[in-house]
Amino acid sequence: MNSLLNVESNSYSALFREYEPQLYNIRSHILHFYDNIKDRDLSTIAESNLEELYEIFSELDELGHLDVDSTMCEFVLHDPAIRALLPAVHSSYSSYFSLHEIQLARKILNYENPWEVLESFPLYPRYENLINVHFQNSSHAKVLVFIGCGPLPITLLLFSKLYGIRCIGIDIDPEAVALAKSCVKHFGLEKDISIIEGNENMLSELEWDAVLVAALAEPKPRIFQNLHTIIKKKKSENGKPISVCYRNYTGMRQLFYWPVLPEHTRGFRKINEIRPSCGVNNTLVFLECE
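The model shown is predicted, which means the values in this text are computed figures rather than measured ones.

Draft legend 1. Looking closely at unusual backbone geometry. The omega torsion across Glu-218 and Pro-219 is -5°, close enough to zero to call that bond cis. The topology assignment puts Pro-219 in the loop between β4 (210–213) and α10 (220–238). Of note in the backbone geometry, Cys-278 takes a positive phi value of approximately 55° without being a glycine. Here Cys-278 lies in the loop between β6 (268–274) and β7 (283–289).

Following this line, the structure appears as structure tokens:
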């Protein structure tokens, strides 16, 4: 995103004056959000009051969902005051995402009817919409591998429940893996969903025909490089098509987390990109191996 850098100084000044009031308002909200999180222990809040955690991050969520044009978005993401805070904001969002999944997973494990608890989760409709869009725009896989499945693999639960797809979740965090396994068993889906501890290199030991990379999975350059090597070998062995998709943050949602950059996915060709709608946070990007 660098088109602003190519605008002549007079035109830039005129643009800035036009967008300055909205930029000032957005900057104020980001500064307020940062002040609200910088000295707080998010894990303690998550354990004592999950609703309070959601409330804290609702301000960031609202900013990410603002309906602004691409020029306004560039001004926001290039604003020096905002850029200085982005590393801390991104780090807090990553922690928030993990913490709320852990606490929700523990809550689900304490109830006899897990689907009832999950479907009452305020963000559940977003997950369902994201899975529906993904399924409708991809080749229908028999076995989907999700890199970075986390402690509560909602994505895998929904792919299995809604579309009967066999799923494998991979995560490097042993605690997340243990919790995810417990959740899958509690939902009665242990025959349909496997959870494995490790990284993307595990794919070379598994049978699968589709892979999904989580938006928060890191490090992206290594993940895609290893994926490319594994897929090239897999295609040379059986010649079957392989579906590759990653979740990304685009537009104002880059306030949530670092986006995937073109250099991260060298060796792949983008075949489709679906921007979020209906409150969803992730852009879905579909690739094929060159």
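Draft legend 2. Seen up close, the sheet that holds β6. Reading across from one edge, β3-β2-β1-β4-β5-β7-β6 is the order of the seven strands in this open sheet, with mixed pairing throughout. Either end of the sheet is taken by a strand with one partner, and the two such strands are β3 (193–197) and β6. The mean inter-strand angle of the sheet, taken between neighbouring strand axes irrespective of direction, is 20°. Taken together, the four bridges between β4 and strand β5 (residues 243–248) define a ladder with parallel strand orientation. Within β5, the residue paired with Ala-210 across the bridge is Ser-243. The sheet strands contacting helix α7 (residues 124–136) are β4, β5, β6 and β7, and the helix crosses β7 at an angle near 30°. Sheet strands in contact with helix α8 (residues 154–163) are β1 (143–147), β2 (166–171), β3, β4 and β5, and its direction is about 175° off that of β2.

Draft legend 3. Region of the structure containing the nonpolar core. Judged by nonpolar contacts, the single largest core of 102 residues is most densely connected at Leu-53, Leu-118, Leu-152, Leu-203, Trp-208, Leu-227 and Leu-255. Per element, the largest residue contribution to this core is ten residues, and it comes from helix α5 (residues 80–109). When residues of this core are assigned to domains, at least three fall in each of domain 1 (1–117) and domain 2 (123–289). Filtering out sequence-adjacent residues up to four positions away, Leu-118 remains in contact with Leu-104, Ile-108, Tyr-124, Leu-152, Ile-154, Leu-157 and Phe-187.

Draft legend 4. Structural view of α7. The terminal C-alpha atoms of α7, which comprises 13 residues, lie 19 Å apart, in line with the 18 Å expected from a rise of 1.5 Å per residue. Considered for burial, the residues of α7 that qualify are Tyr-124, Arg-126, Tyr-127, Leu-130, Ile-131, Val-133, His-134 and Phe-135.

Draft legend 5. Structural detail: the state of the cysteines. Overall, the coordinates contain zero disulfides when judged by the stated rule. Considering cysteine sulfurs only, Cys-278 is the nearest to Cys-73, which forms no disulfide, with 20 Å between them.

Draft legend 6. Inspection of the domain arrangement of the chain at higher detail. Along its sequence, the chain is carved into domain 1 (1–117) and domain 2 (123–289). Distance from the C-alpha centre of domain 1 to the C-alpha centre of domain 2: 23 Å. Across the domain 1 to domain 2 interface the summed buried area is about 2800 Å²; carbon plus sulfur atoms make up 73%. Sorting the residues of domain 1 by area buried against domain 2 places His-90, Tyr-93 and Trp-115 first, and these three jointly supply 26% of that buried surface. Linking domain 1 to domain 2 there are one salt bridge. Measuring nitrogen to oxygen at the nearest pair gives 2.7 Å for the salt bridge that ties Asp-61 to Arg-126. In this assembly, domain 1 and domain 2 are joined by seven residue pairs in polar contact (both at pLDDT 80 or more).

Draft legend 7. Looking closely at the packing of aromatic side chains. The final tally for this structure, using the stated rule, is 17 aromatic pairs. Ring centres 5.7 Å apart and planes at 35° place the aromatic pair Tyr-19 and Phe-75 in the tilted group. Highlighted residues: Tyr-19 in helix α1 (residues 9–37) and Phe-75 in helix α4 (residues 70–78), separated in sequence by 56 residues. The exposure classification of Tyr-19 matches that of Phe-75, with both residues buried. Ring geometry for Tyr-93 versus Tyr-96: centroids 6.0 Å apart, planes at 50°, classification tilted. Note that Tyr-93 and Tyr-96 are positioned in helix α5 at a spacing of three residues, about one turn of the helix.

Draft legend 8. Molecular detail of the pattern of salt bridges. Summed over the entire model, instances satisfying the criterion amount to ten salt bridges. Ionic pairing is found between Glu-52 and Arg-40, a salt bridge with its closest N-O pair at 2.6 Å. Of this pair, Glu-52 sits in helix α3 (residues 50–64) while Arg-40 sits in the loop between α1 and α2 (42–48); the two residues are twelve residues apart in sequence, bridging distant segments of the chain. According to the relative accessible area criterion, Glu-52 is partly exposed, its value standing at 30%. For Arg-40, a relative accessible area of 33% corresponds to the partly exposed category. A salt bridge links Lys-220 to Glu-218; the nearest nitrogen and oxygen atoms lie 3.6 Å apart. For Glu-218, a relative accessible area of 37% puts it in the partly exposed group. The network of salt bridges with shared partners includes Lys-270, Glu-273 and Arg-275.

About the criteria used
Residues numbered from 1 in each chain as written. Predicted model: local features only at pLDDT ≥ 70, side-chain atom pairs only at ≥ 80, totals over all residues. Heavy atoms only, no water. Helix = DSSP H or I, 4+ residues; strand = E, 2+ residues; numbered from the N terminus. Pairing = 2+ DSSP bridges. Axes fitted to C-alpha atoms, helices over the stretch in contact; angles between N-to-C directions. Contact = heavy atoms within 4.5 Å. Core = buried A, V, L, I, M, F, W, Y, C linked by side-chain atoms within 4.5 Å. Buried < 20%, exposed > 50% of the residue type's maximum accessible area, 1.4 Å probe, protein only. Domains from an automatic or database assignment. Expected span 1.5 Å × (residues − 1). Disulfide = S-S within 2.5 Å. Buried area = accessible area lost by both parts, 1.4 Å probe. Salt bridge = Lys/Arg side-chain N within 4 Å of Asp/Glu carboxyl O. Polar contact = N/O pair within 3.5 Å; in protein donor to acceptor, adjacent residues only side chain to side chain. Phe/Tyr/Trp six-rings, centres within 6.5 Å; stacked < 30°, edge-to-face > 60°.

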